[in-house]
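# Structural overview
The chain contents come next:
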Amino acid sequence: MFAGYTVLVTGGTGTFGNAVVRRCLAEDVKEIRVFSRDECKQEVMRDTLQDPRVKFFIGDTREYSSLLAPMQGVDFVFQAAALKQVPACEFFPLEAVRTNVLGSENVFNAAMACDVKKVIALSTDKAVYPINAMGISKAMMERLLCAKARVYSSPVFCTTRYGNVMASRGSVIPKLIDLILAGKPVTVTDPEMTRFMMTIDEAVDLVVYAFQNGKPGDLFVKKAPAATLLTLANSLKEIFNSKVDSSIIGTRHGEKLYETLVTREEMSKAEDRGDYFRVPMDARDMNYALYFSEGQKTSVTEYTSHNTHRMDQAETVKLLLTLDCVQKALR
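Residues numbered from 1 in each chain as written. Predicted model: local features only at pLDDT ≥ 70, side-chain atom pairs only at ≥ 80, totals over all residues. Heavy atoms only, no water.

### Here's the deal with the overall build of the chain
- A tally of regular secondary structure across the chain gives twelve helices and 15 strands.
- For the chain, the C-alpha radius of gyration of 20 Å lies close to 20 Å, the compact-globule estimate for 331 residues.
- Considered along the principal axes of its C-alpha atoms, the chain spans approximately 60 × 60 × 40 Å.
- Burial analysis of the chain (331 residues in total) assigns 50% to the buried set.
- For the chain, the proportion of contacts with a sequence separation of at least 24, taken over those separated by at least 6, is 80%.
- As presented, the chain carries roughly 15,700 Å² of accessible surface, and 53% of it is formed by carbon and sulfur atoms.
- Averaging the coordinates of the 41 positive side-chain charges in the chain and doing the same for the 40 negative ones gives two points 1 Å apart. (Helix = DSSP H or I, 4+ residues; strand = E, 2+ residues; numbered from the N terminus. Rg over C-alpha atoms; globule rule 2.2 N^0.38 Å. Buried < 20%, exposed > 50% of the residue type's maximum accessible area, 1.4 Å probe, protein only. Contact = heavy atoms within 4.5 Å. Areas by Shrake-Rupley, 256 points an atom, 1.4 Å probe, with all protein chains shown as cover. Lys, Arg positive; Asp, Glu negative; His and termini not counted. Charge placed at Lys NZ, Arg CZ, Asp CG, Glu CD.)

Written out as structure tokens, the structure reads:
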């Protein structure tokens, strides 16, 4: 669907940015613009891709003015720029607000000023029932997007929400592999902690699906299996034929026992689309006198990594073997 269009990816040098750039190039995009503040990562990406359709822009979403030039003539925007490390955001919450909230607002406003057709913002399970600064800032980003979507029909603003992407930068799998290869005990925060198991390609599929199907204010979630951290650690030890011990170190700052991708309230109105949930925006205005409510009983529960399909060790091993970082380590 990107053939002949110009696409902008904020935070474009990250794991998601690299993956979506490659997807767009494969679909004959006219031009894809990578916007980020790290010139070193841009240079690495430029040397790796060597494609004249990829243009690089240095800037920061915290600075509205730096977004205007790269936004000119853009058709679609992926808002992927964010502070994502939970402990870092706990210690520096205002920095999370500046990037995840105010930076996103700048992206939305610049897209409106430059007549962009559609904006897809990337959110996280941590925005659902948030207990940490990162999740709170992402929840506010979602609310900002919905506020825009209620008032403006163009651009079309949509949100995608997913859990941890397997083997993404800063995620647990590469760290566990390094420990196993070094012969050190594998650290597990809580053996009963569950996490959705989603690949980077599936994360890109989700945002592409949102582009194809999204209406103003829509939220899209991709269904995914989950595994406990102990199952994940044991699966990696099996893959690398390792006998190292597992060390329980306890949860880190702001961590949850399980991930929630759709709240109970959202599930009550969610549309099941097979591999995806579509949650329409709450489009009510503040004139509550037009409505009456007597309470509505529902048996719907939230969608979490505790109640989705739980993978056993054999299933987890099979999925892990599809990851490039695992294959590289095996080689």
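Further notes follow.
### Some remarks on the nonpolar core
- The biggest cluster of nonpolar side chains holds 46 residues, and the ones touching the most others in it are F2, V7, F16, I32 and F78.
- In terms of residue count, helix α8 (residues 200-213) provides more of this core than any other element does, eight residues in total.
- Excluding residues within four positions of it along the chain, F16 makes contact with F78, A80, L122, Y162, I200, A203, V204 and V207. (Core = buried A, V, L, I, M, F, W, Y, C linked by side-chain atoms within 4.5 Å.)

### Digging into the packing of helix α9 (residues 229-239) against helix α11 (residues 313-320)
- Contact pair α9 / α11: the axes reach a minimum separation of 9 Å and the direction vectors enclose 65°. In the packing of α9 onto α11, the handedness of the crossing is right-handed. Residues T231, L232, N234, S235, L236, E238 and I239 of α9 form the contact with α11, whose own contacting residues are Q313, T316, V317 and L320.
- Here the contact of α9 with α11 is built from residues that sort into five nonpolar, five polar and one charged. (Axes fitted to C-alpha atoms, helices over the stretch in contact; angles between N-to-C directions. Left-handed = near helix turned anticlockwise from the far one by under 90°. Nonpolar A, V, L, I, M, F, W, Y, C, P; charged D, E, K, R; others polar.)

### A short note on the side chain of K118
- Residue placement: K118 occurs in strand β5 (residues 118-124).
- Beyond its immediate chain neighbours, meaning those up to four positions away, K118 contacts D75, F76, V77, P155, V156, A210, F211 and G214.

### Focus: the pairing of strand β2 (residues 31-36)
- Here β2 lies mainly inside the structure; six of its six residues are buried.
- Burial along β2 is two-sided: E31, R33 and F35 and I32, V34 and S36, pointing in opposite directions, are all buried.
- Judged from the five bridges that link them, strand β1 (residues 6-10) and β2 form a sheet pairing that is parallel. Along β2, the bridge assignment pairs L8 with R33.
- One crossover worth recording links β1 to the parallel β2 by way of helix α1 (residues 15-26), and it is right-handed.
- For the segment spanning β2, helix α2 (residues 39-49) and strand β3 (residues 54-58), crossover handedness is right-handed. (Pairing = 2+ DSSP bridges. Right-handed = clockwise from strand over helix to strand, strands pointing away.)

### Here we look at the pattern of salt bridges
- With the rule as written, the count across this model stands at 20 salt bridges.
- Here D28 and R53 are joined by a salt bridge, their closest N and O atoms 3.8 Å apart. Here R53 lies in the loop between α2 and β3 and D28 lies in the loop between α1 and β2, a separation of 25 residues in the sequence.
- Under the relative-accessibility criterion, D28 is labelled exposed at 52%.
- Given a relative accessible area of 22%, R53 falls into the partly exposed group.
- We note a salt bridge from E259 to R195, for which the minimum N-O separation is 3.7 Å. (Salt bridge = Lys/Arg side-chain N within 4 Å of Asp/Glu carboxyl O.)

### Topic: α8
- With 14 residues, α8 extends 20 Å between its outermost C-alpha atoms, agreeing within 8% with the 20 Å of an ideal straight helix rising 1.5 Å per residue.
- Along its buried surface, α8 packs onto α1, β4 (76-79), β5, β6 (156-162), β9 (219-222) and β14 (276-279). (Expected span 1.5 Å × (residues − 1).)

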